[in-house]
Every structure is written in structure tokens, then in C-alpha cells.
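A closer look at the structure
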Amino acid sequence: EDVDVILSQASYDKIIPQDHPLNIIDESDSYLVLNKPKGIPVHPGVGNSSDTLANYVAGYLIKKKEFDPTIDRAGVVHRLDKPVSGLILFAKNKETQQYLQQQFEKHNVQKIYYANVVLRENTSKEVFEKLPKAKIEAGDVIDEFIRAGEDSLDNEWMKVEGYIGRSDVNRRKMIFKPYPFGNAKYALSYIRFLSDTEMLVVIKTGRMYQIRASLEYLGVYIEGDTLFKSLKGGETPEEISLESVFLSFEEPSGKLAIYRLK
């Protein structure tokens, strides 16, 4: 009964609570940091009202009697694509949700992704110039990023700056171009190759499929990414070898929160 009352008060996009285990990295009074599994959407979409992270978070918070009925989508602050795993942030109340969303909008949140990749025959020359002579450890690069912040994004990193918009070839895909086109939006990423099969990516803008579209332009694709393996695009994958491994943001108290998986 409590659940029904709470749901009747919730916002227009009602989230059906579900009891499902969560991989909780950390929990405070105002937010949850989760390790999202691959293959699970972050929140419900058209024709898909259950079995998303938001459903599971709603179920978890209702069980703890900590669910805020005014919150949107059970506290979603940002998203990861369904086939991507790793660190993701959920707010536990409306005030925190709005505060954290503003942090994302102001680009005050730092995110780093780790990917296993495949170089194509048409991989750009610039990529080969950035490949290290010996394998680099992801943890060492993240340590340096924590120490020096944006200053660590030096010449070892490849700056990928351009525009991302809907693909004309396959409407399920986005496409990257170095110049404005159609309704495309500005996108900025930094890529650091750890070897010829591994990389870290820092994204400064949160465009749909930003990493995957930017890599496609460079002639690189993420292992398992059948949708971006070719320009025409194959089936939509359930899992790809892309993981959110670093997340840093300012808590409402002003304290800097840092979470990492590598």
C-alpha cells in the first residue's frame, strides 16, 4: 500500500519499483554511487517500463523508506548507454538531484571511461602516432589525473573536437564530423591510448553515443560494438567493452567526492 501511495504522488514518468540486487559502491544521505552492469538500461523508455536501474533503485529506496516521491526517474542524474558498465550516480532527493544535474551541466563532473578497442584498416594516422611504445597502466594515468586535473590532459592525449548528430545512413546511430552539420551538437573528448587495444577516454560534453561516434570517425571501434563496427551499422549490442571507471564531483556540502574502479 505504501508503494502505491508513493507512486501515485510521483512525477509523470512513474517508475515501477522492483526488488533487485544493486552493486552499491557508496551511499550517503543524499546520493548512491552504483556499478552498473552491462545490458541494463538506466531508466525506462518507450515500450520498456521495467528492469532498468531506476526501477531497482526505486525498489531499494522504498524498502529503506527513503524514497522521495517528488524525484524524477528515481533519482537519475546522468546516464550510461545500455551496453556500457561502470560508475553511475543516483540522487536520493529532489534537491540533490537538481544540484548534481547542475554540476553536470556546468561540466564540473569529471568522468573517465576505459575501453578495449579494435583498430580498423582505415584507422587515422593520428591514432598510430599516439600509440605508446610500451603498455601503460590505466591506474597510473588516473592517478596523474587526480593529482593534476585538466593539466594532465597533455600531448599524450588526443583531443577529438567536432560535432555529433544523427546518422543519415542508420537513424539508430550518431555520427561525428569535425565541422558543424544539420542539428549536430558540439562534442569534445580526450583519448589516451594505453596500448593498441586499450584506451581511456575523458568526455567534456555529454552527447549521445559520443565515445562510440568519435572513435568511428578515427577508424576505431569498441570490442562488441556491432552497431558502430561499420558505417552502415549492425544490430544493437547488449554489451560492449566500455566501462565508466572514474567519477568525481562536488557534493552539496562542497566536499570533493572521488570514485574509481581502476
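Quick note: structure is the one above.
Residue indices begin from 1 for each chain and proceed along its sequence in written order. Note on the predicted model: pLDDT of at least 70 is required for a residue's local features to be given, and 80 or more for side-chain atom pairs to be given and counted; whole-chain, interface and lining totals, by contrast, use all residues. To get the side-chain values, take all heavy atoms of the structure and skip hydrogens and water.

1. Quick look at the packing of aromatic side chains
Here is the rule: rings of Phe, Tyr and Trp (six-membered ring for Trp) pair when centre to centre is within 6.5 Å. Planes less than 30 degrees apart are stacked, more than 60 are edge-to-face, and the remainder are tilted. Per the stated rule, a full pass over the model turns up six aromatic pairs. Arranged with centres 6.0 Å apart and planes meeting at 70 degrees, the rings of Tyr 163 and Tyr 186 form a pair that is edge-to-face. Of the two residues, Tyr 163 sits in strand β5 (residues 158–166) while Tyr 186 sits in strand β7 (residues 185–193), which places them 23 residues apart along the sequence. Burial classes: relative accessible area under 20% of the type maximum marks a residue as buried, over 50% as exposed, and values in between as partly exposed (1.4 Å probe, protein chains only). With a relative accessible area of 31%, Tyr 186 lands in the partly exposed category. Centroid distance Tyr 209 to Phe 228: 5.7 Å. Interplanar angle 90 degrees. Geometry classified as edge-to-face. You can see Tyr 209 sitting in the loop between β8 (198–203) and α6 (210–218) and its partner Phe 228 sitting in the loop between β9 (220–222) and β10 (242–250), a full 19 residues away along the chain. A run of DSSP states H or I qualifies as a helix once it reaches four residues; a run of E qualifies as a strand once it reaches two. Both are numbered from the N-terminal end.

2. Here's the deal with the nonpolar core
Residue types Ala, Val, Leu, Ile, Met, Phe, Trp, Tyr and Cys, when buried and joined through side-chain atoms within 4.5 Å, form a set referred to as a nonpolar core. Membership of the largest hydrophobic core comes to 62 residues, with the highest contact counts inside it found for Phe 90, Ile 191, Met 199 and Phe 249. Counting 15 residues, the second largest nonpolar core, distinct from the first, contains Ala 138, Trp 157, Tyr 190 and Leu 194.

3. Focus: the layout of surface pockets
Considered as a void within the structure, the largest pocket measures approximately 730 Å³ in volume. What lines the largest pocket is a set of 27 residues, and nearest its centre among them are His 78, Arg 79, Lys 111, Gly 206 and Arg 207. Of all the elements in the fold, those that place two or more residues in the lining of the largest pocket are α3 (94–105), β4 (110–119) and α6. Using a grid of 1 Å spacing that covers the protein atoms alone, one calls a set of points a cavity when a 1.4 Å probe fits there but cannot get out, and a pocket when the set is open and has protein on both sides within 12 Å along at least five of seven lines; lining residues are those with an atom within 4 Å of a point. Grid points are joined across faces, edges and corners, and a volume is the space filled by probe spheres set on the points. As a volume, the second largest pocket reaches approximately 390 Å³. For the lining of the second largest pocket, the per-class residue count stands at nine nonpolar, four polar and four charged. Just so you know the grouping, Ala, Val, Leu, Ile, Met, Phe, Trp, Tyr, Cys and Pro go in nonpolar, Asp, Glu, Lys and Arg go in charged, and all remaining residues, Gly too, go in polar.

This is a description of form; function is not addressed.
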